[in-house]
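Descriptive analysis of the structure
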Amino acid sequence: MDEKQPSPRPPGGSRRAHEVVVVTTALLTFIPWWRAAAVVLCDMASTAYYVGGIAERAVGEAAVWYIFGVLVFAGALAAVYLESCSMFIRGGVYRVVKEALGGTLAKVSVSALMFDYLLTGPISSVSAGQYLVGLLNILCPHLHIGWKIPVAWGSVAFACLITLYFWRKNVIGIEESSEKSWRIMQMTTVMGVILLAWSGYTLWLRGFDWPSTEAVLSEEALGWLRGSDWMHTVGCLGVLAAFGHSFLGLSGLETMAQVYREIEAPKLPNLKKAAVAIVLFSAVLTGFATFAAVAIVPDDVRIPLYADNLLSGLAMFLEGPLAARLAFQSFVVLAGFMILSGAVNTAIFGSNSVLNRLAEDGILTDWFRGLHHKFGTTHRMINIVVALQLLLIVISQGDVYLLGEAYAFGVIWSFVFMVFAVTMLRFKEHTVREWRVPFNLSVGRLELPFGLAGILAVLLAVAGMNLLTKKMATVSGALFTAGFFGLFTVSERLNERKRREGETLLEKFNMRRAPALGAALPKLARENRVLVAVRDHGNLYPLRRVLETVDLETTDIVVMTSIIAKGFHLEGEASGRMRTEEQLLFTNVLNLAEKYGGNVHPLLVLSNDPSYAIAQAAQALKVQQVVLGASMKIAPETQIERLAMTWGALENPEPVTVRILWDGKELSFTL
Amino acid sequence: MAPKDTPPVSPKRVPPVVLGKLIDPTLVVFFDGGPAKNDAIKDLVGRLVAAKNLGPADLFLAKVMEREAGPSTTLDTGLCIPHARVQGLQEVTAALGLFHPEIADPLQPDLSIRCMFLFLSPDDPKFIPVNLQVLRRIAQVFQPAFIEKLHAAKTPQKVFDLIQQKDG
């Protein structure tokens, strides 16, 4: 705003805005599809570093083919997630299962999912530690350093440090985290290209034998079926068991649903692009890297020495001078360290998102949703998840195979529930979906989802086999799932009691007092600006129309409401309690913005005159358009009259277009 | 419930409004003694209707008071802008009142009125943008400093001259 000599003091009272409060929450930022893909890939593609070793220990060198098979299956599962996101903005396991199968099964499914997320962090960070320690132990003799770091506890120490680093980043907020994921995937892509090219050259030069297709299950991998004849008499059981031991390669897909909320408009098309990128990248990197490792690294050293850092082993056996191989191994470890650390980040982010969904739904008490006073994140949930992950890291004592086997329980059972729920919703929910899993057969008026049924059949078979062949996973998974389910059930009962006592469950917001309207939103940078004035949480039609019609990439949208200054107090800079009416209003504003993937800037102006508040905000923020909803009590042109007066009363007002929107109609004038 | 009176969409720009052309010196009134706001409105409407030979004053007064029952026409600059759209009028026409001492707005006791710019305009959708520009321009021109100058002018002719200079 211009700094000029103030006009003579007007007689009587002043109606100008008194205080400006900027409403913030960490969840109002949106990311492009390639950053969303990077967030998911930091989990899914990171499995390239450990799935090969874990699967081969269980089923022999045929693991290569089963890993390829699992990664092809990832495409089918990604299609299921696309369908669930086309139905719900927050279309993860919990929401979808709840809609289809009810609250109890939804809690069971999300308990399994939480077990998945809890283990993603430890397996990724411990694996990163294994690679790092392995590299250091190889390099030290060459550098004439007499260190020998104990592999197990050394990897545990590094794992804890990595976890704590990303704990801090997540407390700060998602925007920071997705940027990091993007940088990590850039480095991983470079590493992957070199790995593929150099491995291809090595295979071409030396020739190779195709890995066997016959799965040879180790005693450990037979689990409770050890000693039984079933595996030998029923051949497909071995295939299922082998498939199950390779299922780790699919971890991270659920993050697609969590990250969908943050994807910018157009949402579903962007998610499709992200899904294609995720599946292709994982298949090429994980599949080919594992193949190359089996084909290049000799059998007698591959699993005995490099089971927990297979790609390091691959780097050491490529064709070329030792110095180059050591340098490349260092780069592989560096990239691995970064992407595996990124998976830790994704695990924290994903589990935080899941717990937020539960809290919004009243499963978790309000305490869990308490916002960080500075960053506005749900730091308590983040803290609990990280604490459990650190505990699991220490308990594992650096055993990647143990972590991997336990991990698969949560991965597969959350998928089972998800696909089952999406299938049931085909029969229960008949609204048109923007995307559906293909292979549907119409029989009369009934449509049979053969595609979904096929995917579900595979998952159930593999999940059932896993229960029998992975003892540690079954026991620990069942215990954790039961534990989470118990926690969620108790918490939900406590919340039900509060709801009966009249407490409403709403989005959480932080508030920041701004000294003046002009200083309220320093981040407005786009060339076009629209101010949408809202009042009624049940009527956000004007905001919806704006989100549907403006170019969200070139337009800043400020959503303001004005309340009477009397009776509203802010204590200090960032405290103060928002009234329920404003919470409801801004919760609905936020939900609408999420649906369209548009960034909005909420603003609360304390003033004795809403028209003045709108006029002053519009002038201070240099908007080109002011959008209002129609009043139920006065004619739209009368509504604009007051705004015309207050606009004229400002100092040096620039022309502005005022639009009143209602029920498909519009009245607009330029003042 | 749908909003009342839904006129057609009209996003057009209008030519600038010139306040000096809406008023003449015979329709500038000094109110000494602090009359009630509604009495001042009645007085200005009567003078305006008589001067322009518009017809029965009661009809116009009723329209203005009907509008006064809606969103406030008083600003915190000491300005009040009573107005109405009336069938049969062909153009915008206005009268000005200056109050010494200032008077209170009974509906908003914290605001006081030093100047009242009353205008009547045709009740025609084509005039809605003109109406808005008139309101905007009046509020823009009649800021506290300018209202002080008008009060210091002492005669209707001098008030009219000042308005002409400011926005003629």
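Basis of the calculations
Residues numbered from 1 in each chain as written. Chains lettered and ligands numbered in written order. Predicted model: local features only at pLDDT ≥ 70, side-chain atom pairs only at ≥ 80, totals over all residues. Heavy atoms only, no water. Helix = DSSP H or I, 4+ residues; strand = E, 2+ residues; numbered from the N terminus. Buried < 20%, exposed > 50% of the residue type's maximum accessible area, 1.4 Å probe, protein only. Contact = heavy atoms within 4.5 Å. Areas by Shrake-Rupley, 256 points an atom, 1.4 Å probe, with all protein chains shown as cover. Salt bridge = Lys/Arg side-chain N within 4 Å of Asp/Glu carboxyl O. Pairing = 2+ DSSP bridges. Axes fitted to C-alpha atoms, helices over the stretch in contact; angles between N-to-C directions. Parallel < 35°, antiparallel > 145°, perpendicular 65-115°, else oblique. Nonpolar A, V, L, I, M, F, W, Y, C, P; charged D, E, K, R; others polar. Expected span 1.5 Å × (residues − 1). pLDDT = per-residue confidence, 0-100. Core = buried A, V, L, I, M, F, W, Y, C linked by side-chain atoms within 4.5 Å. Phe/Tyr/Trp six-rings, centres within 6.5 Å; stacked < 30°, edge-to-face > 60°. Lys NZ or Arg CZ within 6 Å of the ring centre and 35° of its normal.

A tally of helices and strands in chain B yields five helices and five strands. When the elements of chain B are put in sequence order from the N terminus, they spell out β-α-α-β-β-β-β-α-α-α. Split into buried and exposed, the 168 residues of chain B put 52% on the buried side. In chain B, of all internal contacts separated by at least 6 residues, the share reaching a separation of at least 24 is 72%. Carbon and sulfur atoms make up 54% of the accessible area of chain B, which totals about 7,600 Å².

The next thing to look at is the overall build of chain A. Scanning chain A for helices and strands turns up 23 helices and 10 strands. Taken across its 671 residues, chain A has 60% of its residues classed as buried. Residue pairs at least 24 apart in sequence account for 82% of intrachain contacts in chain A once pairs closer than 6 positions are excluded. For chain A, the accessible surface area stands at approximately 26,100 Å², while carbon and sulfur atoms represent 61% of it.

Residue and element names in this part refer to chain A. A full pass over the atoms with the stated rule returns 25 salt bridges over all chains. In this structure, E405 engages K470 in a salt bridge whose closest nitrogen and oxygen atoms are separated by 3.7 Å. One end of the pair, E405, is in helix α17 (residues 400-428); the other, K470, is in the loop between α18 (450-469) and α19 (471-500), and 65 residues separate them in sequence. Across the pair, K470 and E405 agree in class, each one buried.

Turning next to unusual backbone geometry. Residue P101 of chain B follows H100 of chain B across a cis peptide bond; omega there is 0°. Its location among the elements puts P101 of chain B in strand β4 (residues 93-105). Although it is not a glycine, H144 of chain A adopts a positive phi angle of roughly 55°. For H144 of chain A, a relative accessible area of 75% translates into the label exposed.

Bringing the pairing of strand β3 (residues 83-86) of chain B into the picture now. Residue and element names in this part refer to chain B. Alternating positions in β3 separate into two faces, H83 and R85 on one and A84 and V86 on the other, with burial throughout. Bridge analysis of β3 against strand β5 (residues 108-122) gives four bridges, and the strand direction is parallel. Residue pairing across strands places H83 opposite F119, the latter belonging to β5.

All names here are of chain A. Orientation of helix α2 (residues 51-59) relative to α17, taken along the N-to-C sense of each, is 85°, at an axis distance of 10 Å. It follows from the interaxial angle that α2 and α17 lie roughly perpendicular. Facing α2, whose interface residues are I54, R57 and A58, α17 presents V400, Y401, G404 and E405. Here the contact of α2 with α17 is composed, by residue class, of four nonpolar, one polar and two charged.

Here we take up the environment of G129 of chain A. Residue and element names in this part refer to chain A. If you trace the backbone, G129 turns up in helix α5 (residues 103-142). Residue G129 is classed as buried on the basis of its relative accessible area, which comes to 0%. Measuring from C-alpha to C-alpha, the distance between G129 and G336 comes to 9.8 Å, with 207 residues separating the pair along the chain. If sequence neighbours within four positions are ignored, G129 has contacts with S155 and F158.

It is worth spelling out helix α3 (residues 128-141) of chain B at this point. Along its 14 residues, α3 of chain B runs 20 Å from first to last C-alpha, staying within 8% of the 20 Å computed at 1.5 Å per residue. Most of α3 of chain B sits inside the fold, with 11 of its 14 residues counted as buried.

Residues and elements named next belong to chain B. Chain-level statistics for chain B give a pLDDT mean of 87 and a share of 92% at 70 or above. Looking across chain B, the model is least confident in β5, with a mean pLDDT of 90, and most confident in strand β2 (residues 79-80), with 95. Long-range and interchain partners of residues 1-11, a stretch whose pLDDT sits below 50, account for 25 contacts in this model, where long-range means more than four residues apart.

Membership of the largest hydrophobic core comes to 162 residues, with the highest contact counts inside it found for F247, L253, M256 and L459 of chain A. Sorting elements by how many residues they give to this core places α17 of chain A first, with 18 residues. Excluding its chain neighbours within four sequence positions, the residues that come into contact with L459 of chain A are F73, L77, F247, I412, F415, V416 and V419 of chain A. Core analysis: the second largest hydrophobic core is formed by 69 residues, L521 and L650 of chain A together with F117 and F160 of chain B among them.

Residue and element names in this part refer to chain A. Relative to strand β3 (residues 446-449), strand β2 (residues 440-443) runs antiparallel, the two being bridged by four bridges. The residue bridging L441 from the neighbouring strand is L448, located in β3. Connecting the antiparallel pair β2 and β3 is a turn made up of two residues, with G444 showing a positive phi of about 65°.

Our focus in this paragraph is the packing of aromatic side chains. All names here are of chain A. The tally for this structure, following the rule as stated, stands at 25 aromatic pairs over all chains. Measuring from centroid to centroid gives 5.3 Å for W198 and F328, while their planes differ by 45°, and the two rings are tilted. Taken together, the residues W198 in helix α7 (residues 174-206) and F328 in helix α15 (residues 322-360) connect sequence positions 130 residues apart. The pair formed by W198 and F328 is uniform in burial state, with each residue classed as buried. If you follow K267 out to its NZ or CZ, it ends over the ring of Y260, 5.5 Å from the centre.

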